[in-house]
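What follows is the residue order along each chain.
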Amino acid sequence: GENVEQHPSTLSVQEGDSAVIKCTYSDSASNYFPWYKQELGKRPQLIIDIRSNVGEKKDQRIAVTLNKTAKHFSLHITETQPEDSAVYFCAANDNTNAGKSTFGDGTTLTVKP
Amino acid sequence: NAGVTQTPKFRVLKTGQSMTLLCAQDMNHEYMYWYRQDPGMGLRLIHYSVGEGTTAKGEVPDGYNVSRLKKQNFLLGLESAAPSQTSVYFCASSYSIFGTSGGSQETQYFGPGTRLLVL
């Protein structure tokens, strides 16, 4: 089955700096890569996603890049703000019609004011 | 539109007791999932369903059973709870791969979670 590795497990940045979280996946058939943000005590919520036919996607301060050849994808957050502090999960969907996601172990991002 | 809801929010069980967690969604999603989340770990898939009357095993199915008798509901059962099942349980639902209702297909919408403590 699919295996997703996520790094780093914790990340601390100063407000205004950029943050980068990286994930690798094992199944070359995976074709959908969502990123979720989970605030303390809350549910995971989608913040951005990318499909395998696209190399980069941007939404305001958040961007995701995908390298299919190397089987890795990354989340980039620019001009970080304290409210960006949360746990971020990457995931990879297998190429079946069940929509199942395999999640990374998460990155705890702390943005210091 | 409530989205995905879960009942109960919190529960304490003794070893060997049984319980059922209820997940309900009002978005007419075909797919539903049960995950468990443990500290320092990501979300691990327990069971999932691709439609009413269907269920399938995920990554960590042992000790759990599920049922999907109605499209909007997905039940997770623990027949004989064990301390190792102490966790936060999240339900999620998503459009089918053939969905046309807008948004991104395969995006999963999560419920608020159920915190379970087994003593």
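Residues numbered from 1 in each chain as written. Chains lettered and ligands numbered in written order. Predicted model: local features only at pLDDT ≥ 70, side-chain atom pairs only at ≥ 80, totals over all residues. Heavy atoms only, no water.

Structural notes on the interface of chain A and chain B
Right, so step 1: The partner chain B presents 22 residues to the 20 residues of chain A that form the contact.
Right, so step 2: Between chain A and chain B, a total of about 1,800 Å² is buried, with carbon and sulfur atoms accounting for 51% of that surface.
Right, so step 3: Joining chain A to chain B, the criterion identifies zero salt bridges.
Right, so step 4: The interface formed by chain A and chain B contains seven residue pairs in polar contact (both at pLDDT 80 or more).
Right, so step 5: Listed by contribution, the elements that provide at least two residues to the side of chain A that touches chain B are strand 4 (32-38), strand 5 (45-51), strand 9 (86-93) and strand 10 (101-103) of chain A. (Contact = heavy atoms within 4.5 Å. Buried area = accessible area lost by both parts, 1.4 Å probe. Salt bridge = Lys/Arg side-chain N within 4 Å of Asp/Glu carboxyl O. Polar contact = N/O pair within 3.5 Å; in protein donor to acceptor, adjacent residues only side chain to side chain. Helix = DSSP H or I, 4+ residues; strand = E, 2+ residues; numbered from the N terminus.)

Points about the state of the cysteines
All names here are of chain A.
Right, so step 1: Tallying each qualifying case throughout the model produces two disulfides over all chains.
Right, so step 2: Here C23 connects covalently by a disulfide to C90, the sulfurs 2.0 Å from one another. Residues C23 and C90 are joined by a disulfide whose S-S torsion is about -100°; by sign, that bridge is left-handed. Note that C23 is positioned in strand 3 (residues 19-25) and C90 in strand 9, a separation of 67 residues in sequence. Pair check on accessibility: C23 and C90 agree, each one buried. (Disulfide = S-S within 2.5 Å. Buried < 20%, exposed > 50% of the residue type's maximum accessible area, 1.4 Å probe, protein only.)

A word on the nonpolar core
Right, so step 1: Residues W35, F73, L75 and L109 of chain A are the most contacted members of the largest nonpolar core, which totals 23 residues.
Right, so step 2: If you list the elements that add at least two residues to this core, you get strand 2 (10-14), strand 3, strand 4, strand 5, strand 7 (62-67), strand 8 (72-77), strand 9 and strand 11 (107-112) of chain A.
Right, so step 3: Residues in contact with F73 of chain A, not counting those within four places in the same chain, are I21, K22, C23, Y25, F33, W35, T65, L66, C90 and A91 of chain A.
Right, so step 4: By size, the runner-up hydrophobic cluster in this structure holds 19 residues, among which are V4, M19, V60 and A81 of chain B. (Core = buried A, V, L, I, M, F, W, Y, C linked by side-chain atoms within 4.5 Å.)

Looking at the pattern of salt bridges
Right, so step 1: Across all of its chains, the model carries six salt bridges over all chains by this definition.
Right, so step 2: Notably, a salt bridge pairs E39 of chain A with K37 of chain A, separated by 3.6 Å at the nearest N-O pair.
Right, so step 3: With relative accessibility at 17%, the residue K37 of chain A sits in the buried group.
Right, so step 4: In this structure, R44 of chain B and D38 of chain B form a salt bridge, with 2.7 Å as the shortest nitrogen-oxygen distance.
Right, so step 5: With a relative accessible area of 21%, R44 of chain B lands in the partly exposed category.
Right, so step 6: Shared partners join several salt bridges into a network, and the residues in it are R36, D38 and R44 of chain B.

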